Number of protein chains: 2
Amino acid sequence: MTKIRPRIPSGFMELLPQDQIVFNKMLEVIKKTYELFGFMPIETPAVEFTEILLTKSGGETEKQIWGIQKGDGSRELSLHFDLTVPLARYVAQRHEELTFPFRRYQMQKVWRGERNQKGRFREFYQCDIDVIGSTNVLIDAEIPSVIFEAFKNLGFPNIMIRINNRKILNGFLVYLNCSDKSKDILRIVDKIDKQGKEKVAEELEGLGITGDSVTKILDFIEIKGNNEEVINKLRSLKVPLPLFAEGLAELETVAKAIEVFGVPRENFKLDLSIARGLDYYTGTVYETLLKDYPEIGSVCSGGRFDDLAEYYTDKKLPGVGISIGLTRLFFKLKEAGLIKSKEGVPSKVLVANMGKEFVNENIMAATELRKNGINAEVYFESEKISKQFKYADRLGIPFVVIIGEVEARKKAVTLKSMDTGEQNIMGIDDVIKLIQK
Amino acid sequence: MTKIRPRIPSGFMELLPQDQIVFNKMLEVIKKTYELFGFMPIETPAVEFTEILLTKSGGETEKQIWGIQKGDGSRELSLHFDLTVPLARYVAQRHEELTFPFRRYQMQKVWRGERNQKGRFREFYQCDIDVIGSTNVLIDAEIPSVIFEAFKNLGFPNIMIRINNRKILNGFLVYLNCSDKSKDILRIVDKIDKQGKEKVAEELEGLGITGDSVTKILDFIEIKGNNEEVINKLRSLKVPLPLFAEGLAELETVAKAIEVFGVPRENFKLDLSIARGLDYYTGTVYETLLKDYPEIGSVCSGGRFDDLAEYYTDKKLPGVGISIGLTRLFFKLKEAGLIKSKEGVPSKVLVANMGKEFVNENIMAATELRKNGINAEVYFESEKISKQFKYADRLGIPFVVIIGEVEARKKAVTLKSMDTGEQNIMGIDDVIKLIQK
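Caption draft 1: Region of the structure containing the pairing of strand β16 (residues 423-426) of chain B. Residue and element names in this part refer to chain B. Summarising the sheet, strand β15 (residues 413-417) and β16 pair through four bridges and their orientation is antiparallel. Each bridged residue has a counterpart across the sheet, and for T414 the counterpart in β16 is I425. Between β15 and β16, which pair antiparallel and follow one another directly, the connecting turn spans five residues, one of which, G421, has a positive phi of 80 degrees.

Shown next as structure tokens:
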């Protein structure tokens, strides 16, 4: 028979079991953190009506979207490319059945048809939270505490959450008479970390902004200092516009409340250069770096929006949320050598096979271990004990239980520690006690 | 602005948060059970090369498959329609990196483009386990103990696992000189529960099988009794064919070992009418019913196969596995009123809002609860306390913590039980102790 070469398309992450265990643990940690803050799960179909996915977005999204082709060639359905549009559709559709403010988390794969580049995935997990139906900026201050808690629990407490408020920059641009170009300016300004000041200045001038205004914009986004200093500098600009004043007041409230939420000072800062490319954010915006690995780039970002679901409902639904792109994060951490695959093991105990005559004892030993919550498996193949040890070793199973003639007669087992090589004969109850502690 | 009606395609299950919590708990219970038996997780892309998905299958599958349409109109990629074909591809591709016997679990959504009928889903979860790389029938006996444990942990211990061995029926058909029609016969025989004896007899005659053989086939699949009786009746047929003898020996071994694995007698039986439509099973086959709700149909099925990945590799990979179709199961349980949505709550505590001046106390109380592993959220909106109680009530949050002037002065909180309505003033430490027990 002609064989088909087994392979997967590029841009898809597929892991060996030992890495999958670590990945799944990270998913679990994020989930538990979200639940700790009272977020409730939803899950939406991977497939939505194409017209629903394309409302919000321009040609950019249309190129990225993966259509579903049925037998009849229609392209009525597509795979979702994020979890925000499905959330908007969900909330608009089920408005009457939900309780607001609606705190939801959603952790699913999304698909994008972009060209594959190293570290760019066409299928990846997003882990999102959003609070829908409130304009209260205290929630904007709570979100960083969820981010901090999540990364702390993932083993990366040393993060920097950079926070800005779009109203401040937008107000400032109105003040400079550049607000008609604000979308383009935000897009350019957002790249200052990657491209540097000069390139940004050049691009801003390319938009037809006067040299004086370009200088002011660059000075503005480079305002530095601790939270109080940044707030004071902004206040000293004396921009006479309500939008600016509103943004400044919000930013100040958020900065103060974040500490009450328990996020240490060294883990967040106000940073006026954060603008976030996506144009639907209207207030607070966030980006998060791992301070020890800034080269990984933003690991969690988001912001506040005025109206989530305007394309589907007249109900005004303001909200705020963030997203952790777990697939990319895992890939980057793995690349940096920070994923320890041996951390997760499937079984705690392998029950070895010393011959057919002990099979009942073996099965009963495994059953007893499982009854006590200990993951265990029985080796059923007829192989030399050395090969069985090798199996345990390769899978990272820390203990082997051996039942041969002596053990069967004594109604006991030999417990071998794969770590130390030590072997001791004991009752199964003692094995359970030893492993449980 | 013209609104687009928010809706999802038919054949997709989308839940409200309170049901999603229950669904996720079921996924978690199944996962923990699989891990208890030493199965390791893998996850494969939702998208595979179409040619890989179509190897095994005829035109039936081709109609069901959902193709991905990229901008260029190509249909090189498709959504997977089960987890067995991706497993075959995965094992063939990563053979050198895996350790055999390979015990893997995989719990993912799959997609089928079939016409939507009530209770038929076009997107649904499969929760699969397989052991690959072993012909040992003791594993065939272990699988029912995993099924039993999973359903027990899901709260449905009263199951009936029906077990057969395809070699017995196949051997019997060789003996009757009908083996050239065995595929069709198995397909017809598999429907005896749904269609009854007469209809099956009619269809068998339609295949050109003699009346005498039809009678023998029907008598055969209706062999009844306890395990020993079934085995003895089969033995008394004295079918002089190695295939038959082999199947009978396997079935006997499996039946005996299942009890050693701790599955009670009332939860499994040998049933010669179970043939399983899918033609790739070659040995033991399983089907599982909920005894109290037989109308739900099979909730878990599977079997043994000789060669998993023959389309992708020369390596012979025998194995055995089962699948729980969780989406359908959940839907059916919900329909039967067996899903209690109030079981899962997002937050254990709502910290109420008694005015802006207590916001710091509120946030700190919530943080303290979370530090002790208690899911908690703060109510930030300015609403009457009665509306806040209503919010807690609608979400099923069992406790409300209230901090007003008196509490703030005393550095205490009032704890209200939503269940009893009782309110008591106490320290936050006492709230933690009370909720933790």
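Caption draft 2: Examining unusual backbone geometry more closely. In this model, F100 of chain A is joined to P101 of chain A through a cis peptide bond whose omega is -10 degrees. Within the secondary structure, P101 of chain A is located in the loop between α4 (84-93) and β5 (102-111). In this structure, K238 of chain A is a non-glycine residue whose phi angle is positive, near 45 degrees. Turning to its location among the elements, K238 of chain A is positioned in the loop between α10 (227-236) and α11 (242-260). In the Ramachandran plot, K411 of chain B falls in the positive-phi region, its phi being about 50 degrees despite a non-glycine side chain. The topology assignment puts K411 of chain B in the loop between α16 (405-410) and β15. According to the C-beta neighbour criterion, K411 of chain B is exposed, with 10 such atoms within 10 Å.

Caption draft 3: How the structure looks around the sheet that holds β15 of chain B. Residues and elements named next belong to chain B. The sheet built from five strands is open, its strands ordered β13-β12-β14-β15-β16 with mixed pairing. Looking at strand neighbours, the two that pair on one side only are β13 (376-378) and β16, the edges of this open sheet. When strand polarity is set aside, the average angle formed by the axes of neighbouring strands in this sheet is 25 degrees. Two strands pair when backbone bridges link them, and strand β12 (residues 349-351) and β13 are joined in this way by three bridges, in the parallel orientation. Across the sheet, the residue bridging to L350 is E377, located in β13. Its contacts with the sheet put helix α14 (residues 359-371) on β12, β13, β14 (399-402) and β15, and the angle it makes with β13 is roughly 170 degrees. Helix α17 (residues 428-436) rests against β12, β14, β15 and β16 of the sheet, and its axis sits at about 25 degrees to β15.

Caption draft 4: Examining the environment of A376 of chain A more closely. Mapping A376 of chain A onto the fold places it in strand β13 (residues 376-378). Overall, A376 of chain A belongs to the buried group, with 25 C-beta atoms counted inside 10 Å. Distance from A376 of chain A to T414 of chain A, taken between C-alpha atoms, is 15 Å for residues 38 residues apart in sequence. Residue contacts for A376 of chain A: discarding those within four places in its chain leaves S347, K348, V349, V351, A366, L369 and R370 of chain A together with G38 of chain B.

About the thresholds
Residues numbered from 1 in each chain as written. Chains lettered and ligands numbered in written order. Predicted model: local features only at pLDDT ≥ 70, side-chain atom pairs only at ≥ 80, totals over all residues. Pairing = 2+ DSSP bridges. Helix = DSSP H or I, 4+ residues; strand = E, 2+ residues; numbered from the N terminus. Buried ≥ 20, exposed ≤ 12 C-beta atoms within 10 Å, placed from the backbone. Axes fitted to C-alpha atoms, helices over the stretch in contact; angles between N-to-C directions. Contact = placed C-beta atoms within 7 Å.

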